[in-house]
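# Examining the three-dimensional arrangement
The primary structure of each chain is shown beneath.
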Amino acid sequence: MALSVSGAETEQVAGLVRRCRDQGIRAELAAPDEGSLGARVRAARLVPHQAAIGPREAAAGLIALRLRDGRRLDPRPADEVLHRAGRRIASRGVDLLDGTGRGRRCAAPHKVEA
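Basis of the calculations
Residues numbered from 1 in each chain as written. Predicted model: local features only at pLDDT ≥ 70, side-chain atom pairs only at ≥ 80, totals over all residues. Heavy atoms only, no water. pLDDT = per-residue confidence, 0-100. Helix = DSSP H or I, 4+ residues; strand = E, 2+ residues; numbered from the N terminus. Contact = heavy atoms within 4.5 Å. Axes fitted to C-alpha atoms, helices over the stretch in contact; angles between N-to-C directions. Parallel < 35°, antiparallel > 145°, perpendicular 65-115°, else oblique. Left-handed = near helix turned anticlockwise from the far one by under 90°. Nonpolar A, V, L, I, M, F, W, Y, C, P; charged D, E, K, R; others polar. Expected span 1.5 Å × (residues − 1). Buried < 20%, exposed > 50% of the residue type's maximum accessible area, 1.4 Å probe, protein only. Pairing = 2+ DSSP bridges.

On to the confidence of the model for the protein, then. With 81% of its residues at a pLDDT of 70 or more, the protein has an overall mean of 79. Per-residue pLDDT, averaged within each element of the protein, yields its smallest value for strand β7 (residues 103–105) (47) and its largest for strand β6 (residues 76–77) (94). Low pLDDT (under 50) marks residues 98–114, which in the prediction has 20 contacts with non-local residues, meaning those over four places away or in another chain.

We now examine the packing of helix α1 (residues 10–22) against helix α4 (residues 78–90). At a minimum axis separation of 11 Å, α1 and α4 run at an interaxial angle of 30°. What the angle tells us is that α1 and α4 run roughly parallel. Between α1 and α4 the crossing geometry is right-handed. Listed contacts from α4 to Leu-16, Arg-19 and Cys-20 of α1 are Ala-78, Asp-79 and Leu-82. Classifying every residue of the contact of α1 with α4 by side-chain character gives four nonpolar, no polar and two charged.

Let us now look at α1. In this model α1 runs 18 Å from its N-terminal to its C-terminal C-alpha over 13 residues, within 8% of the 18 Å that 1.5 Å per residue would give. Turning to α1, its buried residues are Thr-10, Val-13, Ala-14, Gly-15, Leu-16, Val-17 and Cys-20. On its buried face, α1 sits against β1 (2–4), β2 (29–30), β3 (49–53), β4 (62–67) and α4. Note on α1: the residue one or two positions beyond its end, Gly-24, has a positive phi of about 80°.

Once that is clear, we can look at the environment of Arg-26. Secondary-structure assignment places Arg-26 in the loop between α1 and β2. Residue classification places Arg-26 among the exposed positions, given a relative accessible area of 83%. Along the backbone, Arg-26 and Met-1 are 25 residues apart, and their C-alpha atoms lie at a distance of 8.4 Å.

With that out of the way, let us pick up the pairing of β4. In terms of strand pairing, β3 meets β4 through four bridges, oriented antiparallel. Residue pairing in the sheet places His-49 in a bridge with Leu-67 of β4.

Spelled out as structure tokens, the structure:
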């Protein structure tokens, strides 16, 4: 899932989605007209990787990744992310960063009370 923070980054995010699809990586654009950023993140909460591009990332050619478990990874160059994703897909691996990344949780896990 590729998310643009605002309408200004939508073209760049659409380009990222095209690049993903060209490499055989499933990708979908969640544009600002589909709701607030928070709403789009919640709607895609089961997607393994969410790529967000805001003004800072767009200016630097970076992608900020959010993982299904809530971790947010530091922004990385788009080429690096696509290369790693392609390698992981080819090897049928599930860990995009191969244990080399440091992530931070964006929220505490929810407890379900019985």
